[in-house]
Amino acid sequence: MTASRDILPRPPLDLLAPDCALFLDADGTLLAFADDPDKVAPATGLMATLDALHDTLGGALALVSGRAIDGLDRIFDRPRWAAAGQHGLERRNVSGHTRTMPVDRDELAKLRAAAHAMARELPGVRVEDKSWSVALHCREHPGYEDELRRRAPVLVAAFPGFELQPGSHVYEFKPRGMDKGVAVAAFLDEPPFRGRTPIYLGDDLTDEHAFAVVLARAGHAIRVGDRTPSCATFTLSSPADVQDWLDDVNKRLKRGAATAR
């Protein structure tokens, strides 16, 4: 993975065409962060734009998130869309079939208990139970960042079936061997994504795996924010900027469709 320049170009509006496949991270990309992950919501107008793009792309649009698919459905209310949850641990195709990677339930239960115990020692650190993975958030109390950075690797080392995925003020313990890149690669091997130019938008370290996959398939990686290093080739500044760009892309595609008639 190569380091990006500090300043990357803004993606052109013609980057996304009807023969592309679009993959979208949720938190930090489509959704602004909130102290409580359960209190986020799409900004006004976002779903109308996403619906239009979903139709234009023939369904080749997928949400790819660290959240569980149930959580994505509560937020976006699009249970028929393709989606990957918990960093690809669970994946739903366009036919509605969801496949979940097997997890050792006993080991998960012990890991969950250990995460809650650590959070009790660090008042204000929030535990997010994602059903098959567990995360510790310190967005409300960033002073605990160094403590979690030190202690999280020690905790996960006791659970060989799991690995640590650091993020933006979050440390997630997820089943070993699964990441967003694996999920995107699986989508690209099946219709309607197969054979299309992939475009992925994401803001966090967890999205770099997906960036690498789409770049290897002659696609495009769009970083949201200014995190470095990154292998992304374009950047947008924030979820609001993402929405503005998608709105403009959608308008351009609509004009093109009207001209073609």
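About the cut-offs
- Residues numbered from 1 in each chain as written.
- Predicted model: local features only at pLDDT ≥ 70, side-chain atom pairs only at ≥ 80, totals over all residues.
- Heavy atoms only, no water.
- UniProt positions renumbered as here; feature names shortened; annotations may be inferred.
- Axes fitted to C-alpha atoms, helices over the stretch in contact; angles between N-to-C directions.
- Helix = DSSP H or I, 4+ residues; strand = E, 2+ residues; numbered from the N terminus.
- Contact = heavy atoms within 4.5 Å.
- Nonpolar A, V, L, I, M, F, W, Y, C, P; charged D, E, K, R; others polar.
- Core = buried A, V, L, I, M, F, W, Y, C linked by side-chain atoms within 4.5 Å.
- Buried < 20%, exposed > 50% of the residue type's maximum accessible area, 1.4 Å probe, protein only.
- Pairing = 2+ DSSP bridges.

An unreviewed UniProt entry annotates the protein chain as Trehalose 6-phosphate phosphatase of Luteibacter anthropi. Its UniProt record gives the protein chain the following Catalytic activity (unreviewed entry) comment, quoted word for word: "alpha,alpha-trehalose 6-phosphate + H2O = alpha,alpha-trehalose + phosphate".

## Some points on the packing of helix H5 (residues 180-188) against helix H6 (residues 208-216)
Between H5 and H6, the shortest axis-to-axis distance is 6 Å and the interhelical angle comes to 35°. Between H5, through Lys-180, Gly-181, Val-184, Ala-185 and Leu-188, and H6, the contact on the second element is made entirely by His-209, Ala-210, Val-213 and Val-214. For the contact of H5 with H6, a count of residues per class yields six nonpolar, two polar and one charged.

## Details of the nonpolar core
Core analysis: the biggest nonpolar cluster contains 55 residues, and Leu-22, Phe-23, Leu-30, Phe-76, Val-184, Phe-193 and Leu-201 have the highest contact counts within it. If we skip the residues at most four places from it in the chain, Phe-76 touches Ala-26, Leu-30, Leu-31, Pro-42, Met-47 and Leu-63. In this structure, Val-103, Trp-132, Ala-152 and Phe-162 belong to the second largest nonpolar core, which totals 22 residues.

## Quick word on the pairing of strand S9 (residues 170-175)
On a regular strand, each side chain points to the face opposite its neighbour's, so the side chains alternate between the two faces of the sheet. A large share of S9 lies buried, amounting to six of its six residues. Where strand S7 (residues 134-137) meets S9, four bridges bridge the pair, whose relative direction is antiparallel. When the sheet's bridge partners are listed, His-137 is paired in S9 with Val-170. Where strand S8 (residues 162-167) lies against S9, six bridges are found, and the strand directions are antiparallel. Of the residues in S9, the one forming a bridge with Glu-163 is Lys-174. What sits between the antiparallel neighbours S8 and S9 is a turn of two residues, in which His-169 has the positive phi angle 60°.

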